Amino acid sequence: KKENTHKHSHHAHYIVCIRKILFRHTHTHISLKTKMKVLIQNLQKKKSLATHLQNQYNPDLMLLQEINLPSESLGTKLAHFTSMNGYGTAIYFSGELKEVQKVKSPHAEIGGFIYKKTTIATTIAGEVEVQCISFHGYNGQPFQSIDKLAAHVQTVLSLLSSSTSKPIIFAGDFNTWTNEHVNAVTNIMDKAGLQLLYSWPYPGREVPLDHVFGRGVDLRKVVGVLENEADHLGVFLDLEVKKR
């Protein structure tokens, strides 16, 4: 009788151990997912354009370049890196923004006075924290240096989360004037674990200037390419972000 009790106890202990292992395995690999409506636009400093786009499309997230900040009415749901005149990049999010970083290009534009600006911020979408980047790339007209654009991208990448479980949306006007520019940026992003999700045209040019890259992000749907008073086209996307 004692022997049977001992066997039953040993069997129950074995089952408990298996359940613990399965619980750890299941929760280690769980993937939290949430959908985000994302609008990306170079505003060309047009007055109140970001506010107009927010009212028209009601996105969760907007990654904006060349914003005319004094003309906008987006309240406190905006992180930005702008000049004294209020021009630069910005991130709008319908919820909480935190961990804001402001990054200047390592190279000045021709003339030595203007440095392109990048805004970084973390958003909380559902249960998932997403690091978002509104990027306006080194231009360098008329020489269009690929090396200086590459250095600008790498400078921003060096400040991003090293945790592969944290999704990243990195988008904006990259000033990729040639296919060589596009390839250089795409290769740098790929090495950092970010994949090209979508590129959209600039009117009158064969090579796109605007792109969105992501890590832990899937493109579900291109809702629309947006035509407005800015020289760039914008884009409205359904994205799914996931944290493992």
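Each chain carries its own residue numbering, running from 1 in the direction its sequence is written. The model is predicted, so local features are restricted to residues of pLDDT at least 70 and side-chain atom pairs to those at 80 or more, both for listing and for counting; the totals for chains, interfaces and linings are taken over all residues. Calculated side-chain values reflect all of the structure's heavy atoms, with hydrogen atoms and water omitted.

Caption draft 1: Quick look at the pairing of strand β3 (residues 78-82). Burial classes follow relative accessibility: with a 1.4 Å probe on protein chains only, a residue under 20% of its type's maximum area counts as buried, one over 50% as exposed, and anything between as partly exposed. Secondary structure is summarised from DSSP: a helix means a run of H or I of at least four residues, a strand means a run of E of at least two, and numbering begins at the N terminus for each. Burial analysis of β3 places four of its five residues in the buried class, which makes it a mostly covered element. Note that β3 and strand β4 (residues 87-93) share five bridges and pair antiparallel. Paired with Ala 79 across the strands is Ile 91, a residue of β4. We call two strands paired when DSSP finds no fewer than two bridges between them. Connecting the antiparallel pair β3 and β4 is a turn made up of four residues, with Gly 86 showing a positive phi of about 90 degrees.

Caption draft 2: Local environment of the environment of Asp 190. Mapped onto the elements, Asp 190 comes out in helix α4 (residues 179-191). Remark: the alpha-carbon pair of Asp 190 and Gly 214, spanning 24 residues in sequence, is separated by 9.7 Å.

Caption draft 3: Quick look at the packing of helix α3 (residues 146-157) against α4. With axes taken as lines fitted to C-alpha atoms, and helix axes fitted only over the stretch in contact, angles between N-to-C directions fall between 0 and 180 degrees. Where α3 meets α4, the closest approach of the two axes is 10 Å, and the angle between their N-to-C directions is 25 degrees. Viewed along their axes, α3 and α4 adopt a mutual orientation that is roughly parallel. Relative to α4, α3 is oriented so that their crossing is right-handed. Residues Ile 146, Leu 149, Ala 150, Val 153, Gln 154 and Leu 157 of α3 touch α4, and the partners they reach there are Glu 180, His 181, Ala 184, Val 185, Ile 188 and Met 189. Residue polarity follows a fixed list, in which Ala, Val, Leu, Ile, Met, Phe, Trp, Tyr, Cys and Pro are nonpolar, Asp, Glu, Lys and Arg are charged, and the others, Gly among them, are polar. Its residues assigned to classes, the contact of α3 with α4 shows nine nonpolar, two polar and one charged. Small angles under 35 degrees read as roughly parallel and large ones over 145 as roughly antiparallel, with 65 to 115 read as roughly perpendicular and the rest as oblique. Crossing handedness is read from the near helix: turned anticlockwise from the far helix by less than a right angle, it gives a left-handed crossing, and turned clockwise, a right-handed one. Throughout, a residue-residue contact means that at least one pair of heavy atoms, one from each residue, lies within 4.5 Å.

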